[in-house]
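Overview (structure and organization)
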Amino acid sequence: MEENNKPVVNLISRPENMLKTIYTAARTCYSADLPINIYNGADDEEKMLKLIDRVVGSGHYSVIEHIQVTFAISNVSRACTHQLVRHRHMSFSQKSQRYVKEKGQFDYLIPPTIERDPELKKKFVDFMEEISKKYCEFTEAGIPAEDARAVLPNACATSVVTSLNLRELIHIANLRLCSRAQYEIRMMVKAMCDELIKVEPWLKPYLVPKCERLGFCDEDKSCGRKPKLEL
Ligand SMILES: Cc1cc2nc3c(=O)[nH]c(=O)nc-3n(C[C@H](O)[C@H](O)[C@H](O)COP(=O)(O)OP(=O)(O)OC[C@H]3O[C@@H](n4cnc5c(N)ncnc54)[C@H](O)[C@@H]3O)c2cc1C
């Protein structure tokens, strides 16, 4: 895949005390001690990780909902963000096609299956140019951007700032890192996970495709990474 077809993902906000916050939430459920004392006494990373693994492993997910992270994402297609916004526990602020008028050729993403075939790629690029000309024809005729955008394709590049809690990120990773997910959202979610793992490496075993957590594949068509569940 061409480098310029890759999503650009940056983690722009996260709590510094992620592990201690989750540990305090988890311990509070089972301790006679005050939460603030648990927080101030939390310094043994191994102990914290062990407890977190146990509670999250048992489905006690509220403890990871206290952690909110924010990503700045660009160089992704509208087709990709359309899938992302289906996740209901996320907040979004997306570049508007109403307020940001395209001037000249709009940016777009070429799917790798088309990119790798020179003949099809040329057809794709020519068509994007044609659409761009039509869009400009409409805006120059006084049609507002919010209506002229009706001719723009799914391939149009967009930018989004999104915030979500750790429970939702793990859920999204489990679904979208699966090889059955569409390649672009898979790459984007992988980049989100990688950004967070860079600063919180203990999260690596959680930010995986669902089969890694289940131990089996529950998809109709399996990629073979894990055995299929025989019913
Ligand atoms: C491989 C793949 C293919 C897909 N194909 C299609 C498709 O062809 N067409 C299509 O329309 N969509 C498709 N989707 C989108 C899919 O149907 C979901 O809308 C999307 O994945 C969001 O998942 P979610 O509802 O689990 O997650 P979220 O919205 O992120 O919610 C997280 C969890 O919260 C709970 N929750 C949230 N809202 C509710 C609610 N209202 N009621 C009860 N529980 C709730 C559920 O437990 C849910 O799993 C596809 C998704 C994937 C991963």
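Counting restarts for each chain, with residues numbered from 1 along the sequence as it is written. For a predicted model such as this one, the threshold for reporting local features is a pLDDT of at least 70, and the threshold for listing and counting side-chain atom pairs is 80 or more; totals across whole chains, interfaces and linings nevertheless cover every residue.

Moving on, we come to the domain arrangement of the protein. Boundary definitions for the domains trace back to an automatic or database domain assignment. Partitioning the protein into structural domains gives domain 1 (3-93 + 157-214) and domain 2 (103-151). Inter-centroid distance (C-alpha atoms) of domain 1 to domain 2 is 35 Å. Residue pairs are scored as contacts if the distance between their C-beta atoms, which are placed from the backbone, is within 7 Å. Contacts between the two partners involve 5 residues from domain 1, matched on the other side by 6 residues from domain 2.

Here an axis means a line fitted to C-alpha atoms, over the contact stretch when the element is a helix, while the angle between two N-to-C directions is reported on a 0 to 180 degree scale. A run of H or I in DSSP counts as a helix once it spans at least four residues, and a run of E counts as a strand once it spans at least two, with each numbered from the N terminus. Between helix α1 (residues 18-28) and helix α3 (residues 45-57), whose axes approach to 9 Å, the crossing angle comes to 60 degrees. By the angle class used here, α1 and α3 are oblique. As α1 packs across α3, the resulting crossing turns out to be left-handed. The segment α1 lies against α3, with L19, I22, Y23, A26 and R27 engaging E45, M48, L51, I52 and V55. Residues are grouped as follows: Ala, Val, Leu, Ile, Met, Phe, Trp, Tyr, Cys and Pro are nonpolar; Asp, Glu, Lys and Arg are charged; all remaining types, including Gly, are polar. Its residues assigned to classes, the contact of α1 with α3 shows 8 nonpolar, no polar and 2 charged. The labels follow the angle: roughly parallel below 35 degrees, roughly antiparallel above 145, roughly perpendicular from 65 to 115, and oblique for the rest. Note: crossing handedness is left-handed where the near helix turns anticlockwise from the far helix by less than a right angle, and right-handed where it turns clockwise.

The criterion for a residue being near a molecule or strand is simple: its C-beta atom, placed using the backbone, must lie within 6 Å of it. Taken together, R86, H87, R88, H89, E168, H171, L175, R176, R180 and A181 make up the full set of residues near the ligand. Within the shell around the ligand, the residues separate by chemical class into 2 nonpolar, 3 polar and 5 charged.

Even without being a glycine, N75 presents a positive backbone phi close to 60 degrees. With respect to the element layout, N75 can be found in strand β2 (residues 68-77).

What follows concerns the environment of Q68. Considering the arrangement of structural elements, one finds Q68 in strand β2. According to the C-beta neighbour criterion, Q68 is partly exposed, with 16 such atoms within 10 Å. Spatially, the C-alpha atoms of Q68 and E146 are 32 Å apart, while their sequence positions differ by 78 residues. Setting aside residues no more than four positions away along its own chain, Q68 makes contact with S163 and N165. Neighbour counting defines burial: a residue surrounded by 20 or more other C-beta atoms within 10 Å of its own C-beta is buried, one with 12 or fewer is exposed, and intermediate counts give partly exposed, using backbone-placed C-beta atoms.

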